[in-house]
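Listed here are the chains, written in short residue letters.
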Amino acid sequence: MRINDSKLLAAIGALGVEHKRGVSLSELTSLGIGGTSDVLLIRKHDTIPALIRLLKESATPHRFLGGGSNVLLPDGELPWLVLQLARQDPEVRFDGNNVYVDCAADLGRTVTLCAKHDLGGMEGLIGVPGSIGGALRMNAGAYGTQIGTFVREVKVYRAATSGIETLRGAEINFEYRHTSFAPDDIMLSVRLELPSKPYSEILQGIRICNEKRRASQPLNQKSAGCIFKNPPGGSAGRMIDELGLKGHHVGDARVSDRHANFFVNAGHASAADVLELIADVRRRVRERYGVELEEEVIVWR
Ligand SMILES: Cc1cc2nc3c(=O)[nH]c(=O)nc-3n(C[C@H](O)[C@H](O)[C@H](O)COP(=O)(O)OP(=O)(O)OC[C@H]3O[C@@H](n4cnc5c(N)ncnc54)[C@H](O)[C@@H]3O)c2cc1C
């Protein structure tokens, strides 16, 4: 989606929002897939209500992108304008066991920074790519840890009221790869409360998690992590593996040889290739196990 209306562009500029023309979104996603669109980079949180109002008034469809590590974007010219939060300085602030983090901050860097302040608990999240905002939206989790456990407050642009509000952690439901934020809410910053732990102990936990990840995931290939959520009591990866589908492919979209629930872009895969592979694997799992796998990756349809 391109913005060509000069009045709209001027109004967006007046808010201090940066307009980037014709961005190749494959460069902003870990799968390396995605067509082009204009991108609006939001520098100040308090400009969001006015910006969204402008986009609504001009009937400009838009979607929000974080670090791009859990999304499958379509090919070609996207029918939405893409919004992103600009990195803030500082991104992270400490006050005792409370950590105030901007949602544009990188999750892994935040975990490391907290460790240096002797604040632990999030070691399991060390290898999860993407932003704090994306982690909040997805309730990112690994090795028995999920970010929601530590959330005490979230500053959020609420689509329902068109204003910025601060929600208490207890007001938000954090479930397996799902949270109760509305689809058009934009998370802006979070207060986490982390337990005190010696740096050396946290570092040891981080090393163990990194090793587990390296041993089981195709980290040197383009992917979006797990494609499907695990069904209750089961493992999507195990079922796909048992069906002998490692290496199965549609064009360059391929079921990883290392982890059957990771689909990788082994070259020039298109969104259509990945969608066809998703549909094919889902059908085979349904036919063999009677289980309907649900996507974990967020597909922009
Ligand atoms: C190699 C690899 C390993 C992975 N391992 C794990 C793992 O162990 N555990 C796990 O949970 N995930 C894992 N993932 C998936 C992914 O890293 C997480 O889901 C991550 O939290 C997504 O963050 P992001 O910023 O990249 O979000 P994006 O992919 O940019 O967006 C995901 C969704 O969140 C929304 N969103 C992003 N930021 C905001 C915001 N500020 N406000 C509102 N909505 C927002 C987007 O609109 C989109 O709907 C892995 C991915 C890869 C590539």
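The following refers to the structure shown.

1. What about the overall build of the chain?
Consideration 1: Of the regular secondary structure elements, the chain holds 7 helices and 19 strands.
Consideration 2: Taken over the C-alpha trace, the chain has a radius of gyration of 20 Å; the compact-globule value for 301 residues is 19 Å, and the two agree within 12%.
Consideration 3: For the chain, the spread of C-alpha atoms along the three principal axes comes to 55 × 50 × 30 Å.
Consideration 4: Split into buried and exposed, the 301 residues of the chain put 50% on the buried side.
Consideration 5: In the form shown here, the chain has an accessible surface area of approximately 13,900 Å², with 49% of it arising from carbon and sulfur atoms.
Consideration 6: Averaged over its 37 positive side-chain charges, the chain has a centre that lies 1 Å from the centre of its 36 negative ones.

2. Some details on the packing of aromatic side chains
Consideration 1: As enumerated under the stated definition, the model contains 3 aromatic pairs in all.
Consideration 2: Look at Trp-80 and Trp-300: their rings are 5.7 Å apart centre to centre, the planes differ by 85°, and that puts the pair in the edge-to-face class. Of this pair, Trp-80 sits in the loop between strand S4 (71–72) and strand S5 (81–85) while Trp-300 sits in the segment after strand S19 (298–299), and the two are 220 residues apart along the sequence. Accessibility classification places Trp-80 together with Trp-300 in one group, the buried group.
Consideration 3: On the basis of an interplanar angle of 85° and a centroid distance of 5.9 Å, the ring pair of Phe-228 and Phe-263 is categorised as edge-to-face. Here the residue Phe-228 occupies a position in the loop between strand S15 (222–226) and helix H6 (236–242), and Phe-263 occupies one in strand S18 (residues 262–265), the gap between them amounting to 35 residues.
Consideration 4: Judged by its relative accessible area of 0%, Phe-228 is buried.

3. Describing the pattern of salt bridges
Consideration 1: Under the counting rule described, the total for this entry stands at 21 salt bridges.
Consideration 2: A salt bridge links Arg-283 to Glu-287, with the shortest nitrogen-to-oxygen separation between them at 3.5 Å. With Arg-283 and Glu-287 both in helix H7 (residues 271–289) and 4 residues apart, this pair spans about one turn of that helix.
Consideration 3: In this structure Glu-287 comes out as exposed when scored by relative accessible area, which is 58%.
Consideration 4: Look at the salt bridges and you will find they share partners, linking Arg-282, Arg-286, Glu-292, Glu-295 and Arg-301 into a network.

4. Section: the side chain of Ser-37
Consideration 1: Relative to the assigned elements, Ser-37 resides in strand S2 (residues 36–42).
Consideration 2: Using a relative accessible area of 0% as the deciding quantity, one classes Ser-37 as buried.
Consideration 3: Looking at Ser-37, its side chain comes within polar contact range of the main-chain oxygen of Trp-80, at 2.8 Å.
Consideration 4: Once residues within four sequence positions are removed from consideration, Ser-37 is found in contact with Met-1, Lys-20, Gly-22, Val-23, Leu-25, Glu-77, Leu-78, Trp-80, Leu-81 and Val-82.

5. Description of the site of the ligand
Consideration 1: Lining the immediate environment of the ligand, one finds 32 residues, of which Phe-64, Gly-67, Ser-69, Ser-131 and Gly-141 sit closest.
Consideration 2: Here an oxygen atom of the ligand sits 2.7 Å away from a polar atom, N or O, in the main chain of Gly-67.
Consideration 3: Ala-135 is positioned with one of its backbone polar atoms (N or O) 3.4 Å from an oxygen atom of the ligand.
Consideration 4: Among the secondary structure elements, those contributing two or more residues to the shell around the ligand are helix H4 (132–138), strand S8 (141–142), strand S14 (186–193) and S15.

The rules behind each value
Within each chain, residues carry numbers counting from 1 in the order of the written sequence. This being a predicted model, a pLDDT of at least 70 is required before a residue's local features are given, and a value of 80 or more before pairs of side-chain atoms are given or counted; all residues contribute to the totals for chains, interfaces and linings. Side-chain measures were taken over the full set of non-hydrogen atoms in the model, leaving aside hydrogen atoms and water. Only DSSP runs of H or I reaching four residues or more are called helices, and only runs of E reaching two or more are called strands; each is numbered from the N terminus. The size measure is the radius of gyration over C-alpha atoms, and the globule rule it meets is 2.2 Å times the number of residues to the 0.38 power. Under the scheme applied here, a residue whose accessible area is under 20% of the maximum for its type counts as buried, over 50% as exposed, and between as partly exposed, the area being computed with a 1.4 Å probe on protein chains only. With residues, only the protein chains shown are counted as cover, and all accessible areas are computed by Shrake-Rupley using a 1.4 Å probe. When charges are counted, neither His nor the chain ends are considered; positive counts come from Lys and Arg and negative counts from Asp and Glu. Think of each charge as sitting on NZ of Lys, CZ of Arg, CG of Asp or CD of Glu. Here is the rule: rings of Phe, Tyr and Trp (six-membered ring for Trp) pair when centre to centre is within 6.5 Å. Planes less than 30 degrees apart are stacked, more than 60 are edge-to-face, and the remainder are tilted. The salt bridge criterion pairs a side-chain nitrogen of Lys or Arg with a carboxyl oxygen of Asp or Glu, the two atoms within 4 Å. Polar contact is the term for a pair of N or O atoms within 3.5 Å; when the atoms are in protein, one must be able to donate a hydrogen and the other to accept it, and sequence-neighboring residues count only if both atoms are side-chain atoms. Contacts are residue-level and defined by heavy atoms, with any inter-residue pair within 4.5 Å sufficient. Only a single heavy atom is needed: when it lies within 4 Å of a molecule or strand, its residue is near that molecule or strand.

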